[in-house]
Amino acid sequence: MFPDFIQDLLPDTWFNDIRGLYGSSLTDDMIMQSVTDASDFFHIDEPFGVAESDTIGVYPLNPYTLNDDILVFSYDQFMEMGISEQDGLDMVVTHEMGHRVLQGMDTGFNSHQEELCCDFFAGVRAGLNGMDVSQFENALADTMECETHPGGADRVEAIEAGVEYAKAYFGEFGAAPKFSDCMKHFNEIEVNELKGFTSRDQITLTPEESFAHPSFGCTRK
């Protein structure tokens, strides 16, 4: 990091110019515009703060208000993800804004389902606005499942489901769906289509009315 007195002497555009030459093609202005547009998409206020950090994410703090949310971003992580264009950036930020909207809501989601729901909303925005999801999908496609996040294939599927839903809805009604319409559809996907959207709880066979195992000769009702 540069000392404060050096930063004060340099023009505001200097750091963005250096990033363009040696690193990320994204700029502070692009990120702030993305935050504004993604907030407008959900009809919510912009986060209380936007700050550069060593990761990308949102800190909702008090989950029952949007007024104290902090969005953090990392140019290095954007580069590692292959996010270098506005549409890719907008998809990432829309996903994070989705977490803001879901905070405090009684969705019943586990952490995987919430991540997929935010991916779904990014897809909805892309489908409504003709945005390119390829950078976002490519960034997620090969990610491994972990305790807090689903695997990349499931995440890409959620994005595509959002794109398809938005296009179909707009084609039928000539208008964008409401947030509640999207939530209803996402829950229907999760319950009825399984795919990658299911809970991580085990799904068992539907029991027979009576069952005699040929090897063990036992009967279970």
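Computed from a prediction, not measured in an experiment: that's the story for all the values here.

1. Focus on the side chain of Asp 69
Along the chain, Asp 69 turns up in the loop between strand 2 (57-59) and strand 3 (70-73). Within the structure, Asp 69 has its side chain in polar contact with the side chain of Gln 103 (distance 2.8 Å). The contact partners of Asp 69, leaving out residues within four places of it in the chain, are Pro 47, Phe 48, Gly 49, Val 58, Tyr 59, Pro 60, Arg 100 and Gln 103.

2. Quick look at the nonpolar core
Counting 45 residues, the largest nonpolar core has Phe 78 and Phe 120 as its most contacted members. At the level of elements, helix 3 (28-42), strand 3, helix 4 (75-81), helix 5 (86-102), helix 6 (111-129), helix 7 (134-141), helix 8 (152-173) and helix 9 (179-192) are the ones that each hand at least two residues to this core. Per-element accounting of this core gives the leading share, 8 residues, to helix 6. The contact partners of Phe 78, leaving out residues within four places of it in the chain, are Leu 26, Ile 31, Ile 56, Phe 73, Ile 83, Leu 89 and Val 92.

3. Some remarks on the packing of aromatic side chains
In total, this model carries 10 aromatic pairs according to the counting rule given. Ring centres 5.0 Å apart and planes at 75° place the aromatic pair Phe 41 and Phe 42 in the edge-to-face group. For Phe 41, a relative accessible area of 22% translates into the label partly exposed. Between Phe 121 and Phe 179 the ring centres are 5.0 Å apart and the planes differ by 5°, which places this aromatic pair in the stacked class. Taken together, the positions of Phe 121 in helix 6 and Phe 179 in helix 9 put the pair 58 residues apart, joining distant regions of the chain. What makes Phe 121 buried here is its relative accessible area of 3%. The exposure class assigned to Phe 179 is partly exposed, which follows from its relative accessible area of 28%.

4. A short note on helix 8
Under the 1.5 Å per step criterion, the end-to-end length of helix 8 is 32 Å for 22 residues, consistent within 8% with the ideal 32 Å. Within helix 8 the residues assigned to the buried category are Gly 152, Asp 154, Arg 155, Val 156, Ala 158, Ile 159, Ala 161, Gly 162, Val 163, Tyr 165, Ala 166 and Tyr 169.

The rules we used
Residues numbered from 1 in each chain as written. Predicted model: local features only at pLDDT ≥ 70, side-chain atom pairs only at ≥ 80, totals over all residues. Heavy atoms only, no water. Helix = DSSP H or I, 4+ residues; strand = E, 2+ residues; numbered from the N terminus. Polar contact = N/O pair within 3.5 Å; in protein donor to acceptor, adjacent residues only side chain to side chain. Contact = heavy atoms within 4.5 Å. Core = buried A, V, L, I, M, F, W, Y, C linked by side-chain atoms within 4.5 Å. Buried < 20%, exposed > 50% of the residue type's maximum accessible area, 1.4 Å probe, protein only. Phe/Tyr/Trp six-rings, centres within 6.5 Å; stacked < 30°, edge-to-face > 60°. Expected span 1.5 Å × (residues − 1).

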